[in-house]
Amino acid sequence: MALLTGLWKSFVGGNDKESDWNVVTVFYFDNKKKYFSVSEIDKEEIPIVYAEAHKITFNKTGRGLSYTPLNFVSIFHIDTRKAEVKMPSGHIDQPVIEDNRDGTVSIKYDPREEGVHELYVKYNGEHVQGSPYKFHVDSISSGYVTAYGPGLTAGVSGEPSQFTISTKGAGAGGLSMAVEGPSKAEITCHDNKDGTVAVSFLPTAPGEYKVSVRFGEKHIKGSPFTAKVTGEGRKRNQISVGSCSEVTLPGKVNDDDIRSLNASIQAPSGLEEPCFLKRLPSGNIGISFTPREAGQHVVSVKKMGVHIQNSPFNITVQEQEVGDAKKVKVSGTALKEGKTHGENTFSVDTRNAGYGGLSLSIEGPSKAEIQCADSKDGVLAISYKPTEPGYYIVNLKFADHHVEGSPFTVKVSGEGSNRQREKIQRQRDPAPLTEVGTNCKLTFKMPGITSFDLAATVTSPGGVSEDAEIQEVVDGLYSVHFVPKELGVHTVSVKYREIHIPGSPFQFTVGPLRDSGAHLVKAGGAGLERGEAGRFNEFNVWTREAGAGQLAISLEGPSKAEIDFKDRKDGSCDVSYKVDEPGEYRIGLKFNEQHIPDSPFKVYISPAVGDAHLLEVAQFPDNAQVDKPTQFYIRLNGAKGSLDGRIVSPSGKTDDCFIQNIDGDQYSIRFMPRENGVHNINVKFNGVHIPASPLRIKVGKDDADPAAVHAHGPGLGAVKTGAKTDLIINTCNAGAGILAVTMDGPSRVSMDCTEVEEGYKVRYTPLAPGFYYMSVKYNGGHIVGSPFKIEATGPNLAEIGAQETSSVTVETVQKVSKAAAKQGPALPVFKSDATKVTSKGMGLKKAYLNKHNQFTVHAGDAGNNILYVGIYGPKGPCDEVQLKHKGKNNYECWYVIRDRGEYIVIVKWGDDHIPGSPYKVEV
């Protein structure tokens, strides 16, 4: 009404008095004698204004309103009820709405096209319950067989898709149905005894299905139908076990050589796959591989691309050694039906099936736990434990082929876990295109921090790195600004206290996007790691690189969630959610019906914080060393309860922290890291995370940086099935860390990773055509561009079923590029131990304005290194700091302060804090 009112102010005299309904009706009915269609004008309703008057065809003139008052651009029609029909062609048609005068209306429509139509019914501008309605229109008169129903157009994997076949007046003839698609689909029919047949089929994997309906050996009208099946709500778990053939290498190979050697085997048909080098039980070095065909095979073993002595050599594979899925025997009722919250067991016998890997995946309403036990007689006992009832799909493969009967459809009954699910969907428009010389912006939300601890760098496609500016837009919302000098993919690294924030490093394309899709969406933030019941928990989603599409956010757990979404209009958004009950939740993020990397996220929601918010962290170190104890302090500030601490390493291992009461409300928490990389320390009070938890600490001097790792090579482009391909992962100047490469696709791949001069070479052989997604992580963080989308074409050499996962993990060594080695003077290699440095003096405890505040540092027993001293206060660094070497690594330091407040005194021996640093000093 507000819009219409604004349009008519000039007509009623141009004053600020708003027009009412009577003014408008008088103008039209009395002044211009035109007709309006107004529903239930005698009832008090809020009129809704609709534009596009050319679609109004139900007024008395048959042409809508032909007069445009005061030269307005659009003619407006006012109605509180609206109905539209969307035809198969996409055009919109208008049905006739008849008021039955009994609180109901009738909608009549004379269709002009055949196919699936959608009926939109709105009241006061809002869809009524169930709208839009779908209905099928046939052009065939009575006496012919027709089919209609939602199962002919769409469905959800693991849930029955239903449609109806009408045979009224069709006479005698055989009726047959078939469903073809990514998975086997069981079909059931029920005769309704009224000339119709109810049909249901169960798709077990997402994708396009062709539904064929024949009558008298001929396709009915519209057959075959195309049904698009999504995987919404499905959970999958998988394991891989099995046996490989092993052959001893000719000649002598040392253990030290294995790291730099790679081996491959070529079958008689020409199929070449990587194989693995290992120490055999006999003590010799050998290769391990899965034979796929009988005959003479050629094994090549190379070091830095050159054959070693005696390579290549031939081996012969016997017929009985080739893995044959048809000879695998499976038994047990658990492949037909199962129970929730209990172990459902079946057995798999591969003793007479040759060598081959056994892979098992279970997909259904819940992620079922899988256990595998190998009995002494060589028969595997496999059990699964689902938590929700419904249909589950069990894919069982041996040597990359389905065993007989696979995939199995299992009906699981029993009580569910009463998990609640909430979902929202939002359309994401493409982000504005950026060009060279323009201001580029990347935003993220991180509440509870200060911008002083944030730093950002941008690396151009040419490898030039520059610092970027970080601005605080509003409280907790930050933006990174930079001006690019070249087109292409840039790497934006954002760090908080020298550690990458969740989602960093980011890919930022200047110029047109080179790719799009769910694999380029990133998500990160505290709300994807932990949360608190009863309050909103937040995280970021970056869709800029993925292009336009629909973002779906789902949350499943013990209670229903309230989900909020804020679009920042720059290719990023802020998502917050609130749940009432603590427990384990799963957050699913999909873009255009596909999960984004690492989705679904498992999040533990703790109870309301309570007294945990009173706790403070003191003297938390910037970094730590492997196998050396490190500690920090917790102040309870009057809170009553129990304190607990656990440290989680980059590899996922957990260890308890040692907690000791120091004085009253103050406790020390001591831990000893066992590996390099970023560790998380979970500190809980009465079972609830304290506000700063999990605390993140960098262990080791040469921390691995995923932003410095790059991948290139033919293995990242278009590849062929059955052909070995490779790529190089350049880890120069990225430090030492854990390199993990995972490949998801329509088949498992044989994959290995060997050391080369600039990093590591990954080789793999795809067996089935389709899209593969390769994730490359360095110390737990995706490198830029990961996951990479790879398309394989060629013949199908393995049976396609559920998605298969292959992975390889390598603990890397530090690499330095030749170019970097030539640049600038190199620092000497120091041998020192900062823990043996001592310091004393009043200047480390209390300071006075405008006076020399002194302390001494004694490093005589700590080896050789450089002493760094810094003093920082409320307004920045202090005015004067002086350091004097007194001999034998003993130092005297004094400083002058001009402003009151709390200051931090930092003392480092090389890169490491000395014991007690940083010191807190009151002035």
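A few points on the structure. As the structure is a prediction and not an experimental result, all values here were calculated from the model.

This brings us to the overall build of the protein chain. What the protein chain contains, in helices and strands, is four helices and 81 strands. Summarising the internal contacts of the protein chain: among those between residues at least 6 apart in sequence, 66% fall at separations of at least 24.

Before going further, it helps to spend a moment on the pattern of salt bridges. Taken as a whole, this structure holds 21 salt bridges when the rule is applied. Across the salt bridge formed by lysine 445 and glutamate 538, the nearest N and O atoms sit 3.0 Å from each other. Residue lysine 445 is located in strand β37 (residues 440-445), and its partner glutamate 538 is located in strand β46 (residues 537-542); the two are separated by 93 residues in the primary sequence. Of the residues examined, lysine 445 reaches a relative accessible area of 22% and is grouped as partly exposed. If you follow the salt bridges from partner to partner, you end up with Arg428, Asp567 and Lys569 in one network.

This part is about the packing of aromatic side chains. When we look at a pair of aromatic rings, we describe it by the centre distance and by the angle of the planes. As enumerated under the stated definition, the model contains nine aromatic pairs in all. Note on phenylalanine 482 and phenylalanine 508: the rings are 5.3 Å apart at their centroids and 75° apart in plane angle, and the pair reads as edge-to-face. Of this pair, phenylalanine 482 sits in strand β40 (residues 477-482) while phenylalanine 508 is found in strand β43 (residues 506-510), placing the two residues 26 residues apart along the sequence. The exposure class of phenylalanine 482 is buried, given its relative accessible area of 8%. Each ring, one from phenylalanine 620 and one from phenylalanine 632, has its centre 5.0 Å from the other, and the planes form 65°; the classification is edge-to-face. Placement of phenylalanine 620 in the loop between β53 (616-618) and β54 (623-624) and of phenylalanine 632 in strand β55 (residues 630-635) is noted, with a sequence separation of 12 residues between them. Of the residues examined, phenylalanine 632 reaches a relative accessible area of 0% and is grouped as buried. Taken together through their ring pairs, the aromatic side chains of Phe620, Phe632 and Phe671 make up a single cluster. Just above the ring of phenylalanine 506 sits the side chain of lysine 522; from NZ or CZ to the centre is 5.8 Å.

A word on the sheet that holds β46. Read across the open sheet, the four strands follow the order β44-β46-β49-β48; overall the sheet is antiparallel. Both outer strands of the open sheet, β44 (522-524) and β48 (561-567), are each paired with one neighbouring strand and no more. Strand-to-strand, the axes of this sheet are offset by a mean angle of 20°, without reference to chain direction.

Structurally, lysine 884 is set in strand β77 (residues 880-887). Separated by 28 residues in sequence, lysine 884 and threonine 856 place their C-alpha atoms 9.6 Å apart. Setting aside residues no more than four positions away along its own chain, lysine 884 makes contact with Asn890, Tyr891 and Glu892.

Strand order in the open sheet made by the four strands is β10-β12-β15-β14, with antiparallel pairing throughout. At either end of the open sheet lies a strand with only one pairing partner, and these are β10 (146-148) and β14 (186-191). Put simply, the sheet's adjacent strands are angled 25° from each other on average, direction ignored. Bridging between strand β12 (residues 161-166) and strand β15 (residues 196-202) involves six bridges; their strand directions are antiparallel. Bridged to phenylalanine 163 within β15 is valine 199.

Judged by nonpolar contacts, the single largest core of 28 residues is most densely connected at Val541, Ile587 and Leu589. Breaking this core down by element, the ones donating at least two residues are β46, β47 (549-557), β48, β49 (572-579), β50 (583-591) and β52 (601-606). Counting residues in hydrophobic clusters, the runner-up holds 27 residues, among them Leu716, Met743, Ile783 and Phe788.

As paired strands, β77 and strand β78 (residues 890-896) are joined by seven bridges and run antiparallel to one another. Across the sheet, residue leucine 883 finds its bridge partner in β78, namely cysteine 893. Linking β77 back to β78 in an antiparallel pair, the connection comprises two residues, with lysine 888 at a positive phi of about 55°.

What follows is about a negative patch on the surface. There is a patch of like negative charges on the surface, built from Glu562, Asp564, Asp580 and Glu581. Structurally, aspartate 564 is set in strand β48.

How each quantity is defined
- Residues numbered from 1 in each chain as written.
- Predicted model: local features only at pLDDT ≥ 70, side-chain atom pairs only at ≥ 80, totals over all residues.
- Heavy atoms only, no water.
- Helix = DSSP H or I, 4+ residues; strand = E, 2+ residues; numbered from the N terminus.
- Contact = heavy atoms within 4.5 Å.
- Salt bridge = Lys/Arg side-chain N within 4 Å of Asp/Glu carboxyl O.
- Buried < 20%, exposed > 50% of the residue type's maximum accessible area, 1.4 Å probe, protein only.
- Phe/Tyr/Trp six-rings, centres within 6.5 Å; stacked < 30°, edge-to-face > 60°.
- Lys NZ or Arg CZ within 6 Å of the ring centre and 35° of its normal.
- Pairing = 2+ DSSP bridges.
- Axes fitted to C-alpha atoms, helices over the stretch in contact; angles between N-to-C directions.
- Core = buried A, V, L, I, M, F, W, Y, C linked by side-chain atoms within 4.5 Å.
- Patch = residues over 30% accessible without salt bridge, like charges linked within 9 Å, V, L, I, M, F, W, Y side chains within 5 Å.
- Areas by Shrake-Rupley, 256 points an atom, 1.4 Å probe, with all protein chains shown as cover.
- Lys, Arg positive; Asp, Glu negative; His and termini not counted.
- Charge placed at Lys NZ, Arg CZ, Asp CG, Glu CD.

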